[in-house]
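# Structural features, examined
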Amino acid sequence: MMEPNPAAFYRASEKTVADEALRRKLEAATGRHLEHVAQMAAAFPPYYQEKAEARRVKAEAINRLPDLLAEFKRNFEAKGGRLFFARDAAQARNYIVELARAKKAKLVVKGKSMATEEIELNDALLKDGVEVLETDLGEYIVQLRGERPSHIITPAIHLSKEDIGRLFHEKLQSPYSEDPEALTATARQHLRAKFFAADMGIVGVNFLIAETGSLVLVENEGNGRMSTTLPDVVVAVTGIEKVIPRLADLSHFLEVLARTATGQKLTAYVNFVNGPRRQYELDGPRELHLVLLDNGRTRMLADPVLREALYCLRCGACLNVCPIYRRVGGHAYGTVYPGPIGSIISPALVHNGQTAHLAFASTLCGACKDICPVSINIPRILLHLRWLATEEGLPITWPAGPARIRASARRAVWLLSRPKLARMLSRLAGMLLRPLAHDGYLRWLPPPFTAWTKYRDFPLPGSGPNGASQRRAKETTDRADSEVRL
Amino acid sequence: MSDFETALAEMRQALYRAPRPLEDDHGSLQEAPSTLSPHTTDTDLPTRFARELESLRGSVIDVPNAEQAAFAIAELARSLELRSVAIGESLRIDLTQIVQKLREYGIDVFSVARVPEERRAELRVKLAECSAGLVEADCAVAASGTLVFVPTPERPRSLSLVPPVSIVLLEADRIVPDLAAVVSVLGSDAMRANPVAFVTGPSRTADIEKRIVLGAHGPKALYVVMVRSLG
């Protein structure tokens, strides 16, 4: 795994954009997402109401976070659960590795969990001689390939059925097939025995309910339910921001989560984990642990703009609609959480300043905010992070582009840092070009700008929204974050 | 102070330093959840439930009473060539007739209810190898075709999870319009104490090129026997 930095992101993006086959796979997997969600919302009028409710509950939960976590802990422990608070990734890893050692665990089955990716748990367990098996089909596939998931909810989005057929043939010695049914059956068969043999199950969590001390897991395959039902020791790992106040709040999230993530009304499974197994119960863990992870989240809480990123439900929809993610794919970001949400949470969660450049890898088109089930204002947070990076003078060095672009950028910087001259030239150009304009737009510009108007119209300089924004710029002498500030 | 309490104090500090977010951006922060109207206005909840579940490739068998349920399940077991069926204790619908009928058809029926510790290992293996699990749902949701189970030692959660075929008894009166209504029907005590599961169709995955495949890890097939009257 490369360290995330601007040069690596740039090179990886170029590589993906040039990889015709990979682009087709990404396009096929994400292309119709907006359409599906729109169809689903049309068929379910309360969708937007439920989104607003979910956002309201998240706002309340984050504002009352310390009290809710204390309430959750009381109720969870009253049922016999054991809660461990981990300040950072290392503490979380050590607790789980120690636990596996104490239980003499040889085999661990894992449900899908981005939090365990975040703390790089698998490597720590493997190093300690514990076999760790991902059981979500997509996660199992990327684990066999020794890769990281390239999407939050569709980890193997970058692979074709042929890729997976070859992988299974090679690693599992199954007869080659590229039929998804047959491939799924192969994985099911391999993993079935492991669920029963596993000493420990490790899973992620979608919601913690403060009122009842319940963990709630949302999934389609049944592997989350297997992982929390069959092994004797179950460890759930999740961020502090997953707590919600009341049981009655849950339905708002269930009504929007699957619809936004996959276009389903509801996932096949919603599982409540409520303490260890009781007397005469056939199944369920003898011990239930929860690792509650901070790892930078309190830092996010302290920033009133960034705080909103803690509403995230990890549905992955913002990836599917992002014009950047759809072109460069998840691996290019070099972070555990890719895409728009990854660009705003990675700086605080994982890399301590190393991912500040990702805030610049966005067109600020706003599709992510629109699709988000809790309407996180991702573009505003991106602007905020850009401002922070500039204020703090973080060294973000992008690799040099082609000479022509560098030269144009130099000329633009020269001109735009002389606002009076720029405005004067813009007005002059506006006057000269006015006879050519249609509805305030130019369909053709003289060289060297002809290349632009070949693909899109250019707004008449000094007029329309452009002119208006120039007048605004004249009145506001504030720095660029004026529209961002709360 | 424990680590946890220190952390909570830091979170309080973090929230205190910055004022609460703007109302218009973050919605009203009032605590009482507002009430939404039910998500389905269908008056015929069983029909809506059946339609939703069938769209997810689950099957619904509509029967008038428990006696007919016994016939339907036995016939289903025969057509699927089931060898053995795992059950728990009865909930509202009496299982006696059904078990009797299945045994008449030569099918091995065994119980995994209230298992003493020394028999756990053996019954886990037996459950893993059986052909179907039969269990009653505590309620169901019409708008999404969801079955809700409240597993207890009498009806362990594996019954609707481990066997490749899941047969579910459902009393038609126990179908509620939407998810929000589930809490009021089951009560928050039941949902706080037991490993509740919402099950919507057979287990599925779309991890390979977004193609939907059933039976990823849980049941590949789901049959709901909907009983109109217990009389």
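Residue indices begin from 1 for each chain and proceed along its sequence in written order. For this description, chains carry letters from A and ligands carry numbers from 1, given in the order in which they are written. Only residues with pLDDT of at least 70 get local features here, since the model is predicted, and only at 80 or more are side-chain atom pairs given and counted; chain-wide, interface and lining totals rely on the full set of residues. Where side-chain values are given, they derive from all heavy atoms of the structure, hydrogens and water being excluded.

### Some thoughts on the sheet that holds strand β9 (residues 269-273) of chain A
Following DSSP output, two strands are said to pair if at least two bridges run between them. The way it works is that DSSP assigns letters per residue, a run of H or I at least four long becomes a helix, a run of E at least two long becomes a strand, and they are numbered from the N terminus. An order of β8(A)-β5(A)-β6(A)-β9(A)-β9(B)-β6(B)-β5(B)-β8(B) is seen for the eight strands of this open sheet, with the pairing classed as mixed. Whereas interior strands pair on both sides, the edge strands pair on one side only; in this sheet they are β8 (243-244) of chain A together with β8 (175-176) of chain B. Alignment of strand β6 (residues 214-219) of chain A against β9 of chain A, held across five bridges, turns out to be antiparallel. Within the sheet, the bridge partner assigned to Leu-217 of chain A lies in β9 of chain A and is Asn-271 of chain A. Running over the sheet, helix α13 (residues 250-261) of chain A touches β5 (207-209), β6, β8 and β9 of chain A together with β9 (197-199) of chain B and is turned about 165 degrees from β5 of chain A. Any two residues whose heavy atoms approach within 4.5 Å are treated as being in contact. Angles shown run from 0 to 180 degrees and are taken between the N-to-C directions of axes, each axis being a line fitted to C-alpha atoms and, for helices, limited to the stretch in contact.

### Focus: the side chain of Arg-124 of chain B
Residue placement: Arg-124 of chain B occurs in helix α6 (residues 120-129). Throughout this description, buried means an accessible area under 20% of the type-specific maximum (1.4 Å probe, protein chains only), exposed means over 50%, and partly exposed covers the range between. The charge count treats Lys and Arg as positive and Asp and Glu as negative. His and the chain ends do not count. The working definition used for a salt bridge is a side-chain nitrogen of Lys or Arg within 4 Å of a carboxyl oxygen of Asp or Glu. One buried charged side chain, Arg-124 of chain B, makes no salt bridge at all; its nearest oppositely charged neighbour is Asp-232 of chain A, positioned 6.0 Å away. Any N or O atom pair separated by 3.5 Å or less is treated as a polar contact, with the protein-specific requirement of one donor-capable and one acceptor-capable atom, and with residues adjacent in sequence counted only for side-chain atom pairs. There is a polar contact of 3.4 Å between the side chain of Arg-124 of chain B and the backbone oxygen of Phe-196 of chain A. Look past the residues within four positions of Arg-124 of chain B in its chain and what remains in contact with it is Phe-196, Leu-230 and Leu-282 of chain A.

### Here's the deal with the interface of chain B and chain A
Listed by partner, the interface residues are 83 residues for chain B and 100 residues for chain A. Summing both partners gives a buried area of about 7900 Å² for chain B against chain A, and 56% of it is carried by carbon and sulfur. Joining chain B to chain A, the criterion identifies eight salt bridges. Across the salt bridge formed by Glu-52 of chain B and Lys-265 of chain A, the nearest N and O atoms sit 2.6 Å from each other. Inspection of the region where chain B meets chain A yields 36 residue pairs in polar contact (both at pLDDT 80 or more). At the level of elements, α1 (3-17), α2 (23-26), α6, α7 (180-186), α8 (188-193), β9 and β10 (204-205) of chain B are the ones that each hand at least two residues to the side of chain B that touches chain A. Counting residues per element, the side of chain B that touches chain A draws most heavily on α1 of chain B, at 11 residues. Among the residues making up the side of chain B that touches chain A, the classes are represented as 42 nonpolar, 20 polar and 21 charged. Judged from the three bridges that link them, β9 of chain A and β9 of chain B form a sheet pairing that is antiparallel. Pairing of Asn-271 of chain A across the sheet is with Ala-197 of chain B, part of β9 of chain B. Using a 1.4 Å probe, buried area is obtained as the accessible area two parts lose upon being combined, added over both of them. All amino acids are sorted into three groups, where Ala, Val, Leu, Ile, Met, Phe, Trp, Tyr, Cys and Pro are nonpolar, Asp, Glu, Lys and Arg are charged, and the leftover types, Gly among them, are polar.

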